[in-house]
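# Observations on the three-dimensional arrangement
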2 protein chains.
Amino acid sequence: MTIEFFFEISSPYSYLAAFKIEELARRVGAEITWKPFVLGAVFKHIGSGPPAAIPQKGVYMMQDLRRFARRDARPFTMPPVFPVHSIKAHRAILASRKLRDEATMVRVTKGLYEAYWAQGKDISDMEVLGEALAGMGLDAEAVEEAMKSQEVKDELRQYTDEACARGVFGAPTFFLGDQMFWGNDRMDFLEQAILEST
Amino acid sequence: MTIEFFFEISSPYSYLAAFKIEELARRVGAEITWKPFVLGAVFKHIGSGPPAAIPQKGVYMMQDLRRFARRDARPFTMPPVFPVHSIKAHRAILASRKLRDEATMVRVTKGLYEAYWAQGKDISDMEVLGEALAGMGLDAEAVEEAMKSQEVKDELRQYTDEACARGVFGAPTFFLGDQMFWGNDRMDFLEQAILEST
């Protein structure tokens, strides 16, 4: 049983989900495939935009995020640079897998989520990104080199195209086979579906 | 402690919430003020539209609603007439309070939710609406007469204006003082907030 986890670094609800999905998977004995994608490209594909584009929704989302962060006991800050250009961060995540392995990719994903959503760092800045990667024990120059490879660029594009093709419209989105679950707040339905299918 | 419950008859998540809010209120010893409002007017005010206007979101919402209906053990059907013109139903709800009392209004609200979301009846049709009201033991003609009163029309407008003024952007929306909670899926946060403030 595999959970496909589509996430976007600039999505705060994806940040919350990224720190809960492994525990969920352990509880039910499932595997996780981590799939970074470019949410902005999905919004463009379906003709929508970020929820906070509606001011009333933006104001409320901040309260909602603080409630979830408190419940999950996760540090949360509204980054000074938001929305952030997240292509580099996503490529760094995929480059870390190319250079090492899946476990490193997961560690880098969570590290970059914390750099951005807990510490408010501008991870679209290559210098800031490099420091964050070095802080996780990676060779920042090697990662930056791998980020420029066609393979890494193609992977990010493929996950984004896949998200579009499978009807994704927000982040995080989980798939269990062809069952889709949207949102940090639907992980309970995801877990229930896994339990019922095993 | 009072929960203000802003609901719209054409909103399926409001339907689910309407059948859970009384039990929640009982558990925590809170009162409920039921406030029907016109969601379409709120969408117009904030420059947005219904979620299902984005096809991918519409497809997913049906799955999501079926998951909630199953969890809540609530009958759920996608009504043949959707979206429905809900002004008459909202006025009938307010007219029933004018003619009788708050308890009758709540009973009529739940009855009309079932007529529409469980039985798929077109409650924008005055004849169908009248039959539903008669089935709940009300004098349909008297309700229809009261629906035409300026008082009832004004009440619906006031609740809608109030929703706009307080930053509502969807349904259902709950208020606990100035704390806002949006969605059938945030009733847990609402309950927690009540418990923490008492």
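Quick caveat, the model's predicted, so the values are computed rather than measured. (Residues numbered from 1 in each chain as written. Chains lettered and ligands numbered in written order. Predicted model: local features only at pLDDT ≥ 70, side-chain atom pairs only at ≥ 80, totals over all residues. Heavy atoms only, no water.)

## Structural notes on the packing of helix α7 (residues 126–135) of chain B against helix α8 (residues 140–147) of chain B
Residues and elements named next belong to chain B. Two elements in contact, α7 and α8, have axes separated by 9 Å at closest approach and are oriented at 125°. Comparing their axes, α8 and α7 come out oblique. The way α7 lies across α8 gives a crossing that is right-handed. Of the residues in α8, those in contact with M126, L129, G130 and L133 of α7 are A140, V143, E144 and M147. Residues of the contact of α7 with α8, tallied by class, amount to six nonpolar, one polar and one charged. (Axes fitted to C-alpha atoms, helices over the stretch in contact; angles between N-to-C directions. Helix = DSSP H or I, 4+ residues; strand = E, 2+ residues; numbered from the N terminus. Parallel < 35°, antiparallel > 145°, perpendicular 65-115°, else oblique. Left-handed = near helix turned anticlockwise from the far one by under 90°. Contact = heavy atoms within 4.5 Å. Nonpolar A, V, L, I, M, F, W, Y, C, P; charged D, E, K, R; others polar.)

## Concerning the interface of chain B and chain A
For interface size, the figure often reported is the accessible area lost on association. Each side of the interface is counted separately: chain B has 25 residues, and chain A has 25 residues. Taking both partners together, chain B and chain A bury about 2500 Å²; carbon and sulfur atoms supply 52% of that area. It is Y60, R67 and F189 of chain B that lose the most area in chain B upon contact with chain A, and together they represent 24% of the buried surface on that side. If you look at where chain B meets chain A, you find eight salt bridges. Its salt-bridge partner being D185 of chain A, residue R186 of chain B comes within 2.9 Å of it at the nearest N-O pair. Applying the counting criterion to the chain B and chain A interface returns 14 residue pairs in polar contact (both at pLDDT 80 or more). Secondary-structure elements contributing two or more residues to the side of chain B that touches chain A are α3 (39–46), α4 (55–72), β4 (179–182) and α10 (187–197) of chain B. Top element by residues in the side of chain B that touches chain A is α4 of chain B. It accounts for nine residues. (Buried area = accessible area lost by both parts, 1.4 Å probe. Salt bridge = Lys/Arg side-chain N within 4 Å of Asp/Glu carboxyl O. Polar contact = N/O pair within 3.5 Å; in protein donor to acceptor, adjacent residues only side chain to side chain.)

## Details of a negative patch on the surface
Residues D139, E141, E144 and E145 of chain B make up a contiguous surface patch of negative charge. If you trace the backbone, D139 of chain B turns up in the loop between α7 and α8. (Patch = residues over 30% accessible without salt bridge, like charges linked within 9 Å, V, L, I, M, F, W, Y side chains within 5 Å. Areas by Shrake-Rupley, 256 points an atom, 1.4 Å probe, with all protein chains shown as cover. Lys, Arg positive; Asp, Glu negative; His and termini not counted. Charge placed at Lys NZ, Arg CZ, Asp CG, Glu CD.)

## Brief notes about the relation of the copies chain B and chain A
Superposing chain B onto chain A takes a rotation of 180° plus a shift of 0.0 Å along the axis, which leaves an RMSD of 0.0 Å. Taken together, these values place the two copies in the relation of a two-fold axis. No C-alpha of chain B approaches the rotation axis more nearly than that of D185 of chain B, which lies at 3.9 Å. When you check the interface residues of chain B against chain A, 100% turn up at the interface there too, and the contact is symmetric in its surfaces. (Least-squares fit on C-alpha atoms with pLDDT ≥ 70 in both.)

## Details of the pairing of strand β3 (residues 173–176) of chain A
All names here are of chain A. Residues of β3 alternate between two faces, with T173 and F175 on one and F174 and L176 on the opposite face, all of them buried. Bridging between β3 and strand β4 (residues 179–182) involves four bridges; their strand directions are antiparallel. From the neighbouring strand, T173 faces β4, where its bridge partner is W182. What sits between the antiparallel neighbours β3 and β4 is a turn of two residues, in which G177 has the positive phi angle 60°. (Buried < 20%, exposed > 50% of the residue type's maximum accessible area, 1.4 Å probe, protein only. Pairing = 2+ DSSP bridges.)

## Details of unusual backbone geometry
Cis geometry marks the peptide bond from A171 of chain A to P172 of chain A, where omega comes out at 0°. Tracing the backbone shows P172 of chain A in the loop between α9 (150–165) and β3. Cis peptide bonds are those with omega within 30 degrees of zero, and the linkage from F82 of chain B to P83 of chain B qualifies with -5°. Phi is positive for A73 of chain A, which is not a glycine, with a value near 55°. With respect to the helices, strands and loops of the structure, A73 of chain A is situated in the loop between α4 (55–72) and α5 (87–99). On the basis of relative accessible area, A73 of chain A is assigned to the exposed category, the value being 64%.

## Concerning the sheet that holds strand β1 (residues 2–7) of chain B
All names here are of chain B. Taken in spatial order, the four strands of this open sheet run β2-β1-β3-β4, and their pairing is mixed. Taken across any chain shown, the strands that pair with only one partner, and hence form the sheet edges, are β2 (31–36) and β4. Pairs of neighbouring strands in the sheet enclose a mean axial angle of 20°, with direction left out of account. The strands touched by helix α2 (residues 21–28) are β1, β2 and β3 (173–176); relative to β2, the strand with the most contacts, the crossing angle is about 155°. Most of the contacts of α10 go to β3, to which it runs at about 10°, and overall it touches β1, β3 and β4.

## Considering the sheet that holds strand β1 (residues 2–7) of chain A
Residue and element names in this part refer to chain A. Here we have four strands laid out as an open sheet, ordered β2-β1-β3-β4, and mixed in their pairing. Each of the sheet's edge strands pairs with one partner strand only, and the pair in question is β2 (31–36) and β4. Taken pair by pair, the neighbouring strands of this sheet meet at an average axis angle of 20°, ignoring direction. Alignment of β1 against β3, held across three bridges, turns out to be antiparallel. Across the sheet, E4 pairs through a bridge with F175, a residue of β3.

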